[in-house]
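Fold and geometry: a report
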Amino acid sequence: MAQPVATAGPRKGGRRSVLATAAIAVLSSSLLASCGSSSGTPTLTWYINPDNGGQVALAKKCGDASGGKYAINISLLPTAADSQREQLVRRLAAKDSSIDLMSLDPPFVAEFANAGFLRPFSSSEESDFTTGVLKAPIANATWKGKLYAAPFWANTQLLWYRKSVADKAGVDPSSSSFTWDEMIDAAVKTNTTVGEQGSRYEGYTVWINALVASAGGQILADADKGKDAKVDINSPAGKQAAEIIRKLATSSAASHSLATDTEEQSRALFNSDAGGFLLNWPYVYAADLTAVQAGTLNKSVLDDIAWTRYPRVNASDPSKPPFGGIELAIGAYSKHPDFAVDAAKCITSAESEAAYMISNGNPAARASVYDDPAVVKVFPMAALIRDSINDAAPRPITPYYGDVSASIQREWHPPSSVNPDSTPANTAKFIPLVLHDKALL
């Protein structure tokens, strides 16, 4: 993971310096500009993460809706979030004016805003992008009191479970007090598994952060202080998170490949004969429905699946589910910022978000979308997704997020090595060393 783009000078560990990155970006920017049109209708360029064509459709819809004021072209970013970040950083570090709009992973908003790469929305514009929007997406789009991105789509994890397994174990996962300990014990009792993402990647940080937040803690305090933020993970909440990870990783309920499992591996485990419980994003339902239609998954498996809110760490405290999604930001060097704001209004409207949720399976940031009958037909758990996103815990909102996440992954991986007595304490010591360039990742 990379350090914030605001950090000047050469990067340690063989990383390319921001100055070198900027030099590459100047060339890329010049080449892109030479390919653009110098006359006619202004064209906005929207850099998007890969999807199933939903953003392309929205670009056409909103360009057409402008009444000829502008058109919107698409530029496709790489699949991996880190690679998306790197490509955008290269261009923005060179003040590339071709980036009018960008689909930005939530953890990168603070970093880009802190570096001056994003155009903040004015106080008069903010209400268009926050009224009726769920709380977590707004929090992740805000940096130092200013809205730097428009919440586009949001995401959260649910607890998926096999009804037959829950019945056999004598537990009710839909109970408001259902905990991780009860879930793990139920899986052990029934000789089934709990699917999770334990590979050394961002999905593992998502799990750790959700556990810490659900236990009432946080990884960083005063995150807006950047590298001088207080690391707060060595706390009772941090230790509880470590206890849960260790309990699962060393039990018979763990996947044999937990240390390398990502979303799809954990879903496959859940759909197997050993499946019992799964923590994963809402795409699971649509993916399994498609698999049944394709004949690659027995319908009896889909019929046995139920869903409920992310489990609690403590029975008396509501869980704080994971948060993800995409924010829509405007490049600070865009030549058409007013048109970009207009386009952002169209792209993030309730109508657009509902269409995108139905076509691409990505949950909306606006609360009203979840009451749309067409959405509920595709997502029968729509109300649960909405409430989970609203109550979700964003990962630390810091311009140094990349180094914070990579530090956590290093200290907490593999899951079976996690020790409640030492892992949170070691993490609390290591993160400041990395942030102050006194240790390498």
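Structure shown above.
Residues numbered from 1 in each chain as written. Predicted model: local features only at pLDDT ≥ 70, side-chain atom pairs only at ≥ 80, totals over all residues. Heavy atoms only, no water.

**Describing the overall build of the protein**
Helix and strand content of the protein: 19 helices and 13 strands. Radius of gyration (C-alpha) of the protein: 22 Å, near the 22 Å computed for a compact globule of 441 residues. Counting only C-alpha atoms, the protein reaches 70 × 55 × 35 Å along its principal axes. Evaluated residue by residue, the protein yields a buried proportion of 55% over its 441 residues. Residue pairs in contact within the protein that sit at least 24 positions apart in sequence constitute 75% of those at least 6 positions apart. Of the roughly 17,400 Å² of accessible surface on the protein, 51% is carried by carbon and sulfur atoms. The protein carries 40 positive and 44 negative side-chain charges, and their two centres are separated by 5 Å. (Helix = DSSP H or I, 4+ residues; strand = E, 2+ residues; numbered from the N terminus. Rg over C-alpha atoms; globule rule 2.2 N^0.38 Å. Buried < 20%, exposed > 50% of the residue type's maximum accessible area, 1.4 Å probe, protein only. Contact = heavy atoms within 4.5 Å. Areas by Shrake-Rupley, 256 points an atom, 1.4 Å probe, with all protein chains shown as cover. Lys, Arg positive; Asp, Glu negative; His and termini not counted. Charge placed at Lys NZ, Arg CZ, Asp CG, Glu CD.)

**Let's talk about unusual backbone geometry**
Omega for the bond connecting His 413 with Pro 414 falls within 30 degrees of zero, at 0°, which places this linkage in the cis form. Within the fold, Pro 414 resides in the loop between α18 (401–412) and α19 (423–435). Backbone geometry places Asp 222, a non-glycine residue, at a positive phi of 55°. Here Asp 222 is to be found in the loop between β9 (220–221) and β10 (230–231).

**Looking at helix α3 (residues 81–93)**
Relative to the 18 Å expected for 13 residues at 1.5 Å per residue, α3 spans 18 Å between its end C-alpha atoms, a close match to the ideal helical length. Every buried residue belonging to α3 is among Gln 84, Arg 85, Leu 88, Val 89, Arg 91 and Leu 92, and all of these are buried. After α3 finishes, the residue Lys 95 shows a positive phi value of roughly 55°. (Expected span 1.5 Å × (residues − 1).)

**Considerations on the side chain of Thr 423**
Summarising the element assignment, Thr 423 is placed in helix α19. Once you skip the residues sitting within four places of it in the chain, Thr 423 turns out to touch Glu 411, Trp 412, Ser 417 and Val 418.

**Looking at the state of the cysteines**
Throughout the structure, instances matching the rule amount to one disulfide. Residue Cys 62 pairs covalently with Cys 346 via a disulfide, S to S 2.1 Å. Its S-S torsion of about -85° marks the bond between Cys 62 and Cys 346 as left-handed, since a negative value means left-handed. Here Cys 62, found in helix α2 (residues 54–65), pairs with Cys 346, found in helix α14 (residues 337–347); they are 284 residues apart in sequence, far enough to count as distant. Overall, Cys 62 belongs to the buried group, its relative accessible area being 1%. (Disulfide = S-S within 2.5 Å.)

**Some points on the side chain of Asp 105**
One can find Asp 105 in the loop between β3 (101–104) and α4 (109–114). It is Arg 395 that comes nearest to the buried, bridge-free Asp 105 among opposite-charge side chains, at 5.0 Å. (Salt bridge = Lys/Arg side-chain N within 4 Å of Asp/Glu carboxyl O.)

**Some points on the sheet that holds strand β1 (residues 43–48)**
Spatial ordering of the open sheet is given by β2-β1-β3-β13-β6, a layout of five strands whose pairing is mixed. Each edge of the open sheet carries a strand with a single partner, namely β2 (71–76) and β6 (150–156). Neighbour-to-neighbour, the strand axes of this sheet turn through a mean angle of 15°, independent of strand direction. Examined bridge by bridge, β3 and strand β13 (residues 323–330) share four bridges and lie antiparallel to one another. (Pairing = 2+ DSSP bridges. Axes fitted to C-alpha atoms, helices over the stretch in contact; angles between N-to-C directions.)

**A closer look at the packing of α2 against helix α15 (residues 350–360)**
Where α2 meets α15, the axes come as close as 10 Å, and the angle between the chain directions of the two elements is 150°. The angle between the axes of α2 and α15 places the two elements in the roughly antiparallel class. You can see that α2 and α15 cross each other, and the crossing is right-handed. Contacts from Gly 54, Gln 55, Leu 58, Lys 61 and Cys 62 in α2 reach Glu 351, Ser 352, Tyr 356, Ser 359 and Asn 360 in α15. For the contact of α2 with α15, the residue count by class is three nonpolar, five polar and two charged. (Parallel < 35°, antiparallel > 145°, perpendicular 65-115°, else oblique. Left-handed = near helix turned anticlockwise from the far one by under 90°. Nonpolar A, V, L, I, M, F, W, Y, C, P; charged D, E, K, R; others polar.)

**Re the environment of Leu 44**
Mapped onto the secondary structure, Leu 44 falls in strand β1. Considering only alpha carbons, one finds Leu 44 and Tyr 70, 26 residues apart in sequence, at a separation of 7.0 Å. With sequence-adjacent residues up to four places away left out, Leu 44 is seen in contact with Tyr 70, Ala 71, Ile 72, Asn 73, Asp 100, His 336, Phe 339, Ala 340 and Ala 343.

**Description of the pattern of salt bridges**
The final tally for this structure, using the stated rule, is 20 salt bridges. With its nearest N and O atoms 2.7 Å apart, the salt bridge here joins Glu 111 to Arg 85. Of the two residues, Glu 111 sits in helix α4 while Arg 85 sits in helix α3, which places them 26 residues apart along the sequence. The shortest N-O distance in the salt bridge between Asp 288 and Arg 267 comes to 2.5 Å. In this pair, Asp 288 sits in helix α12 (residues 283–294) while Arg 267 sits in helix α11 (residues 263–271), placing the two residues 21 residues apart along the sequence.

**Quick word on the pairing of β1**
Most of β1 is tucked away: five of the six residues are buried. Strand direction decides the pairing type here: β1 and β2, joined by six bridges, are parallel. Looking at β2, one finds that Tyr 47 is bridged to Ser 75. A crossover links β1 with its parallel partner β2, the connecting element being α2, and its sense is right-handed. (Right-handed = clockwise from strand over helix to strand, strands pointing away.)

**What to know about α2**
Taking 1.5 Å as the rise per residue, α2 with 12 residues should run 16 Å; its terminal C-alpha atoms sit 16 Å apart, in good agreement. Just downstream of α2, Gly 67 is the residue with a positive phi angle, here 70°.

**Thoughts on the nonpolar core**
Ranked by internal contacts, the top residues of the largest apolar core, which has 48 residues, are Trp 180, Phe 277 and Trp 412. Contributing elements (two or more residues each) for this core: β7 (158–162), α7 (163–169), α8 (180–189), α9 (202–214), α10 (236–249), β11 (275–280), α18 and α19. Broken down by element, this core gets its largest block of residues, seven residues, from α10. (Core = buried A, V, L, I, M, F, W, Y, C linked by side-chain atoms within 4.5 Å.)

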